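Observations on the model geometry
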Amino acid sequence: MLALALALAAVGACTDPAAEHADAPTVRFIGAADSQGDAANPGAAANPGDAASPGNASGAIEVSGLSPGTLATLARLRAGALPAVLAVYTQEAAIDPQAPPMLGEHRVEDGRIVFTPRFPFAPGMSYVARYTSPGGGAKTKLEFHIDALATSGETRVTVIYPSAEVWPMNQLKMYVHFSAPMRAGRSFAHLRLIDESTGAEVAQPFVTVQEELWDRDHRILTVLYDPARIKRGLAPNQQAGLPLQAGSAYRLVIDADWRDAEGRPLAASFERAFRVGELDRASPHPGDWSIGVPNAGTTNPLTIDFGEPMDHGLLHSLIGVRRASLPGRAAGWDARSDTTAADELAGRVEVTDAESVWHFYPNAPWATGDYEIVVPTILEDLAGNNLKSLFDADLGSTPSEFAATETAYFSFSIGNR
Amino acid sequence: MRNKALAIVITTIAAFTLVAWNAVPDEAISATFVYGTPALESIGAIAFGPDNVLFVGDSQGAAVYAIDMPDAKSGDKPISVENLDAKLAAMFGTTADDITVRDMAIHPESHNVYLSVSRGDSSFGLVKVDGNGMLSEVSLADVHYSKGEISNAPSPEATYRRGTPARQFTITDLAFADGEVLVAGLSNQEFASNFRRMPFPFTGKMDATSLEIYHVSHGQYETHAPVDTFTAYEMNGSVHVVASYTCTPLVLFRVDGLEDGAHVMGTTVAELGAGNRPLDIITYSDGRGDFVLVANSRHPLMKVDASSFAGAESLVSPTKEPGVPFETMPQAGIQLLGERGDHIVMLQNNDGLQLISVAKESL
């Protein structure tokens, strides 16, 4: 390029070789929208310490005010050489000679270079963008800071299940519900169990799985009491005992520092008190349940009263109701189904009375006829006992009649009024 | 260190071999792959399979992706990277304490180290460490890949509940063995242990089978046992798994030839005490034989001579039985392990993360 410019000068062209390569580089933080092809604003000096609003955390860095010569050189550079021209560092990395720059993509277009980071700039962080002309000419930099988010958000803990006041000593799990999606990864730092008799925190009552147990929307966290301490015969059970003790009162404390998906703290901390009763070593058995059959022509609920609190999550997701395609089956529980079509009714489930009563409201009024309630035998009570077996089954005792069964079926009829 | 005792029983006695990559021809695999950008929603457990395929567990998206990952060798110098968390933080634009290295796998041909990395806001990426200790991101855009979906249905009967958003299966670990991707995980609702087996190449149908894993304590109490971390190896033509459960014991069980829904009992190999969780398990070979290494959250790094598995008694009373010996290794804070030629690469948390290489002969 320089050779061509000189040649033109030699034949009297007006091009000034110095101007061809005179950069007046301006480094600017731009919002995500601006990184898509808007013209640069040359002449504005880089202001160290510009703050960008959190809304632009998904922004980019732009260098404008570049000479045509520089732009042409840049256009010929391979991608791997561009970080040497424009690199963005976290504040910590900027002063560490060993630290690499941020990952991202460089584009040379419309008279500027734009660097879009691979991962969004993080609220509360400071960064340094450094520009060096190719060939080691002009250098300039921009230091910028992304504002931290508001000190409190709107997300709250809404409820912790089980909702019962008294939990069995071998309580297996609980569900913590949030009003909005949460950030995963540091949950156990924000959740404490206090023993009211001592006022002290119970040491490690929960098991931390390497990836936390969230629902798909990250609004429900499943927390397991340490099964190694609950299961009979295991060393942790013998050494440390169960995490909860019968006769004691406890308080779960969730601190507000727990971040939601946007990185904001909770609107408030949350506490939940409960008492602990005896061990539950009885499997739920359908023969103990009361079924409430609604009338034809209504959308009144079909109900199952379990007589004890059951697992909240499983009550909502496991149990279905369907039309029996082979009518005439006697009412009652069976391990076999006589239907040949899985004709599930659409409707909604509600759970009341500390998760001891299940209600199914059909979308359409009940027609007369024969029906089945479908209950997978993995339905659990609060201690993790399901229809098949106890949570830790004693091999010496008689197995449940549903031990080898996937599903229990209850046949019932809705007759004419 | 005093040798602690492990006791295990194996039904067949045989030479111990690491899993041979299934002899699946390239064409069979690539025929099932598409070209594009997999819609990954998270990356957690990773493991290499045959023919440069990297398996990636995506818990959020309820799937395992198989991604073609050709890679060039960069030398077999022992890899060592100091301040790994600070360097990853610099690349990801955050602070070191916001970085989590979730898993590590060694590319079988290039011997480069692959790391699944995430930030606190759930941003994630795959990072490669080459033979010179240089870090780079491995793009997961515009690749050849196939997707295997993880079923979340509560039972084979319950097809109608398949789509309930509150139910989620979290993948805790995965490995390739004998033509199948083995996936360990845990439901967020029922306390069950469904160890999934997905035939590979993925067929696109949900034909994974599952095993229910149990364990017995004191010869008397049987419970479901979610598997947390595991490795697979072949013994006498049969695939065995050395696994840790969510509830601590280190166990051994067989997976191949078992039918869908089979009830599998893990044989307890060791109990490592309250508050300890195995973090990673690998098998490796050197001139002296075959070994299992177990990294723990509290207990020191353990090395088991696998040839001593054969013929020993099962661990019935874990707190007092003698049996097969294991050794405790001096490296502290080890979280992840990988076999790389003559060395074992270890991710060490020692006031910051680093990658270190330890010669097999020194273990």
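Cut-offs used in this document
Residues numbered from 1 in each chain as written. Chains lettered and ligands numbered in written order. Predicted model: local features only at pLDDT ≥ 70, side-chain atom pairs only at ≥ 80, totals over all residues. Helix = DSSP H or I, 4+ residues; strand = E, 2+ residues; numbered from the N terminus. Buried ≥ 20, exposed ≤ 12 C-beta atoms within 10 Å, placed from the backbone. Contact = placed C-beta atoms within 7 Å. Pairing = 2+ DSSP bridges. Axes fitted to C-alpha atoms, helices over the stretch in contact; angles between N-to-C directions. Nonpolar A, V, L, I, M, F, W, Y, C, P; charged D, E, K, R; others polar. Core = buried A, V, L, I, M, F, W, Y, C linked by C-beta atoms within 7 Å. pLDDT = per-residue confidence, 0-100.

1. Description of the overall build of chain B
- Helices and strands together make up the secondary structure of chain B, namely two helices and 27 strands.
- Taking all 363 residues of chain B together, 52% fall into the buried category.
- Look at the contacts in chain B between residues 6 or more apart in sequence, and 55% of them connect residues 24 or more apart.

2. Section: the overall build of chain A
- Scanning chain A from N- to C-terminus turns up seven helices and 27 strands.
- Long-range pairs, those at least 24 residues apart, make up 69% of the contacts in chain A with a sequence separation of at least 6.

3. Looking at the environment of Val176 of chain A
All names here are of chain A.
- For Val176, the location among the structural elements is in strand 11 (residues 173–178).
- Note on Val176: 23 C-beta atoms within 10 Å, which makes it buried.
- Remark: the alpha-carbon pair of Val176 and Arg219, spanning 43 residues in sequence, is separated by 8.2 Å.
- Sequence-distant contacts of Val176, defined by excluding residues within four places in its chain, comprise Val157, Ile160, Leu221 and Val223.

4. Digging into the sheet that holds strand 6 (residues 63–68) of chain B
Residues and elements named next belong to chain B.
- Strand order in the open sheet made by the five strands is 3-11-6-5-4, with antiparallel pairing throughout. Looking at strand neighbours, the two that pair on one side only are strand 3 (34–36) and strand 4 (46–48), the edges of this open sheet. Ignoring which end each strand starts from, the neighbouring axes of this sheet average 35° apart.
- Sheet topology places strand 3 next to strand 11 (residues 143–149); three bridges connect them, and they run antiparallel. Its bridge partner being in strand 11, Val34 is matched across the sheet by Tyr145.

5. Some thoughts on helix 2 (residues 84–92) of chain B
- Buried residues dominate helix 2 of chain B, accounting for nine of its nine residues.
- In the stretch just after helix 2 of chain B, Gly93 of chain B is the one whose phi turns positive, near 75°.

6. What about the sheet that holds strand 23 (residues 347–352) of chain A?
Residue and element names in this part refer to chain A.
- Taking strand neighbours across the sheet as the criterion, the four strands line up as 19-20-24-23 in an open arrangement whose pairing is antiparallel. Edge positions in the sheet fall to strand 19 (290–292) and strand 23, since each has one partner strand and no second. In this sheet, neighbouring strand axes are inclined to one another by 15° on average, regardless of whether the strands run parallel or antiparallel.
- The sheet contact formed by strand 20 (residues 302–305) and strand 24 (residues 357–362) spans four bridges and is antiparallel. Within strand 24, the residue paired with Asp305 across the bridge is Val357.

7. Details of unusual backbone geometry
- In this structure, the amide linkage connecting Tyr161 of chain A to the following residue, Pro162 of chain A, adopts the cis form with an omega of 10°.
- Note the cis peptide between Phe200 of chain B and Pro201 of chain B, where omega equals 10°.
- With respect to the helices, strands and loops of the structure, Pro201 of chain B is situated in the loop between strand 14 (194–199) and strand 15 (209–217).
- Unusually for a residue other than glycine, Ala354 of chain A sits at a positive phi of about 55°.
- Mapping Ala354 of chain A onto the fold places it in the loop between strand 23 and strand 24.
- Judged by the 17 C-beta atoms lying within 10 Å of it, Ala354 of chain A is partly exposed.
- Its identity is not glycine, yet Ser122 of chain B carries a phi of approximately 75°, on the positive side.
- Considering the arrangement of structural elements, one finds Ser122 of chain B in the loop between strand 8 (113–119) and strand 9 (124–129).
- Classification of Ser122 of chain B by C-beta neighbours within 10 Å gives partly exposed; the count is 15.

8. Some words on the interface of chain A and chain B
- Listed as interface residues are 65 residues of chain A and, on the opposing side, 56 residues of chain B.
- The leading source of residues in the side of chain A that touches chain B is helix 6 (residues 235–240) of chain A, at five residues.
- Here the residues of the side of chain A that touches chain B sort into 33 nonpolar, 17 polar and 15 charged.

9. A few points about the nonpolar core
- Within the largest apolar cluster, 127 residues are counted, with the highest numbers of intra-cluster contacts made by Leu54, Phe55, Val64, Leu174 and Leu293 of chain B.
- Here this core takes seven residues from helix 2 of chain B, the largest share from any one element.
- Those residues in contact with Leu54 of chain B that sit more than four places away from it in its chain are Ile46, Phe48, Ile67, Met69, Ala105 and Tyr114 of chain B.
- Counting residues in each nonpolar core, the second largest holds 39 residues, with Met174, Trp214, Leu244 and Phe391 of chain A among its members.

10. What to know about the pairing of strand 25 (residues 334–340) of chain B
Residues and elements named next belong to chain B.
- Of all seven residues making up strand 25, six are buried, and the element is well covered by its neighbours.
- With six bridges connecting them, strand 25 and strand 26 (residues 343–349) associate as antiparallel partners. Paired with Gly338 across the strands is Val345, a residue of strand 26.
- The turn joining strand 25 and strand 26, which pair antiparallel and follow one another in sequence, is formed by two residues; a positive phi near 65° is taken by Gly341.

11. Some words on the confidence of the model for chain B
Residues and elements named next belong to chain B.
- A residue-level look at chain B finds 82% of positions with pLDDT of 70 or above and a mean pLDDT of 83.
- For residues 1–25, every residue scores under 50 in pLDDT, and the model assigns this stretch 68 contacts once sequence neighbours within four places are set aside.
- Note that pLDDT drops below 50 for residues 312–323; the model gives that stretch 33 contacts with residues more than four away or on any other chain.
- Scoring of the predicted complex yields 0.88 for pTM and 0.87 for ipTM.

12. Re the pairing of strand 22 (residues 289–296) of chain B
All names here are of chain B.
- Summarising burial for strand 22: six of the eight residues are buried, a large majority.
- In terms of strand pairing, strand 21 (residues 278–286) meets strand 22 through eight bridges, oriented antiparallel. By the bridge assignment for strand 22, Ile282 is matched with Leu293.
- Joining the antiparallel neighbours strand 21 and strand 22 is a turn of two residues.
- Across four bridges, strand 22 lies against strand 23 (residues 302–305) in antiparallel orientation. Bridge assignment links Val292 to a residue of strand 23, and that residue is Val304.

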